[in-house]
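So you can see what is in the structure, the chains are spelled out below.
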Amino acid sequence: MTSPEPRGSRFGGPGRRPRRDRHGRGLRGRLVPANVPLSRTKAELFDDLVLDAVEALERQFGKELAGVEFAVEEVPPDLNVYDSDVLEDGEVPLARLLPGGPGRMNVPPRIVLYRRPLEFRAIDHEDLADLVHDVIIEQVANLLGIDPEDLA
């Protein structure tokens, strides 16, 4: 019978703890070196497009949009019938305007964009940026009760 191997001898010497490689998934730690920027996800890039469009509108209509919330959801909720506050392409909702106000327990107005349907309709990143801008213009115009051409 052979004597058991001293702890740590095959892991870099006595007293050293082994680095974990649980279930063959590789070592834990950073995926990229600290000096290399991480890539951004599609959702983060989409959020940037929304922020860019909203910031451009807030420069012109800061007072009117002061209390308005903008949100992004992956997909629209599963409803059978949508109200007139939903901007649709065919049967698929692209965005929704929740007016808020005193009748809704002082909830601020909210514009929700649905990321996946918008991305599906865009050819490339520039087309998606234009589409996001147009949808936000349409919803803000509905909220303010003005013509979308006046905002653009």
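Provided above is the structure to which this section pertains.
Read on for a plain summary of the structure.

Calculation criteria
Residues numbered from 1 in each chain as written. Predicted model: local features only at pLDDT ≥ 70, side-chain atom pairs only at ≥ 80, totals over all residues. Heavy atoms only, no water. Helix = DSSP H or I, 4+ residues; strand = E, 2+ residues; numbered from the N terminus. Buried < 20%, exposed > 50% of the residue type's maximum accessible area, 1.4 Å probe, protein only. Contact = heavy atoms within 4.5 Å. Salt bridge = Lys/Arg side-chain N within 4 Å of Asp/Glu carboxyl O.

So, the overall build of the protein
Looking only at helices and strands, the protein features four helices and four strands. For the protein, the α and β elements follow one another from N to C terminus as α-β-β-β-β-α-α-α. Going through the 152 residues of the protein one by one, you find that 27% of them count as buried. Relative to all contacts within the protein whose residues are 6 or more apart in sequence, the contacts with residues 24 or more apart total 51%.

Concerning the pattern of salt bridges
Two side chains carrying opposite charge are able to pair once their charged atoms lie near each other. Counted under the stated rule, the structure contains two salt bridges. Note that R115 and E74 form a salt bridge whose closest N and O atoms lie 2.4 Å from each other. Taken together, the residues span a long stretch of sequence, with R115 in helix α2 (residues 115-121) and E74 in the loop between β1 (69-73) and β2 (86-89) at a distance of 41 residues. Taking relative accessible area as the criterion, R115 reaches 8% and is therefore assigned buried. In this structure, R115 engages E119 in a salt bridge whose closest nitrogen and oxygen atoms are separated by 2.8 Å. Residue R115 and its partner E119 are located together in helix α2, separated by four residues, close to a single helical turn. Of the two residues, R115 and E119, neither departs from the other in class, the shared state being buried. Salt bridges sharing common partners tie together E74, R115 and E119.

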